[in-house]
Structure formats: structure tokens, C-alpha cells
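Descriptive structure summary
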Amino acid sequence: MVEFAALTYGLLASVILSAAQRNRRRGRAHPPLLLYIGYLLCGLSGGLALALMYIALRLIGDA
């Protein structure tokens, strides 16, 4: 299950970042859905990083 989530996240992030880069190169505005998904991925990444940091600190504290 984790492998599927990681693959899906990576694929979605790759598509969003390449679309944003293409729009920036062409000088076009980003569609609202692209911005929404980009901010969603950014928040998900930050939340996951905080959760994993909390788990790591708890494991270090118990040792």
C-alpha cells in the first residue's frame, strides 16, 4: 500500500511540476486546478515531514 501511495505521489508531483514549468516558459498563467493540486502536494509534503520528524524524535527519546 505504501508503495502505491509513493508511486502515485511521485507521478502526480512530476506531472504538476512539469506543467508548471511549461506554463512559466510559455509565459501563460497557471490554471486554478494546477495551483490547487500544487498547494495540496506542498501541504501534504510538509505534513508528512512533520509527522515523520515527530516519530523519529519519539523513537530517539525512547532509546
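Above: the structure in question.
Our subject in this report is the structure included herewith. (Residues numbered from 1 in each chain as written. Predicted model: local features only at pLDDT ≥ 70, side-chain atom pairs only at ≥ 80, totals over all residues. Heavy atoms only, no water.)

Looking now at the side chain of N23. Mapped onto the elements, N23 comes out in helix α1 (residues 2-26). Residue contacts for N23: discarding those within four places in its chain leaves R28, A29, H30, P31 and L34. (Helix = DSSP H or I, 4+ residues; strand = E, 2+ residues; numbered from the N terminus. Contact = heavy atoms within 4.5 Å.)

What follows is about a nonpolar patch on the surface. On the surface, L48, L52, Y54, I55 and L59 cluster together into a nonpolar patch covering about 550 Å² of accessible area. Considering the arrangement of structural elements, one finds I55 in helix α2 (residues 32-62). The exposure class assigned to I55 is partly exposed, which follows from its relative accessible area of 46%. (Patch = residues over 30% accessible without salt bridge, like charges linked within 9 Å, V, L, I, M, F, W, Y side chains within 5 Å. Areas by Shrake-Rupley, 256 points an atom, 1.4 Å probe, with all protein chains shown as cover. Salt bridge = Lys/Arg side-chain N within 4 Å of Asp/Glu carboxyl O. Buried < 20%, exposed > 50% of the residue type's maximum accessible area, 1.4 Å probe, protein only.)

It is worth spelling out the environment of C42 at this point. With respect to the helices and strands, the residue C42 is situated in helix α2. Residues C42 and R58, spaced 16 residues apart in sequence, show a C-alpha to C-alpha distance of 24 Å.

This part is about the nonpolar core. A13, I16, A19, L34 and L41 together form the largest nonpolar core, which totals five residues. Those elements giving two or more residues to this core turn out to be α1 and α2. It is α1 that contributes the most residues to this core, three residues altogether. Aside from chain neighbours lying at most four places away, what touches L34 is I16, A19, A20 and N23. (Core = buried A, V, L, I, M, F, W, Y, C linked by side-chain atoms within 4.5 Å.)

For the pair α1 and α2, the least separation of the axes is 10 Å and the interaxial angle reads 135 degrees. By the criterion of interaxial angle, the relationship of α1 to α2 is oblique. α2 is crossed by α1, and the crossing has left-handed handedness. Counting all contacts with α1, which are made through Y9, L12, A13, I16, A19, A20 and N23, the residues of α2 involved are L34, I37, G38, L41, L44 and S45. (Axes fitted to C-alpha atoms, helices over the stretch in contact; angles between N-to-C directions. Parallel < 35°, antiparallel > 145°, perpendicular 65-115°, else oblique. Left-handed = near helix turned anticlockwise from the far one by under 90°.)

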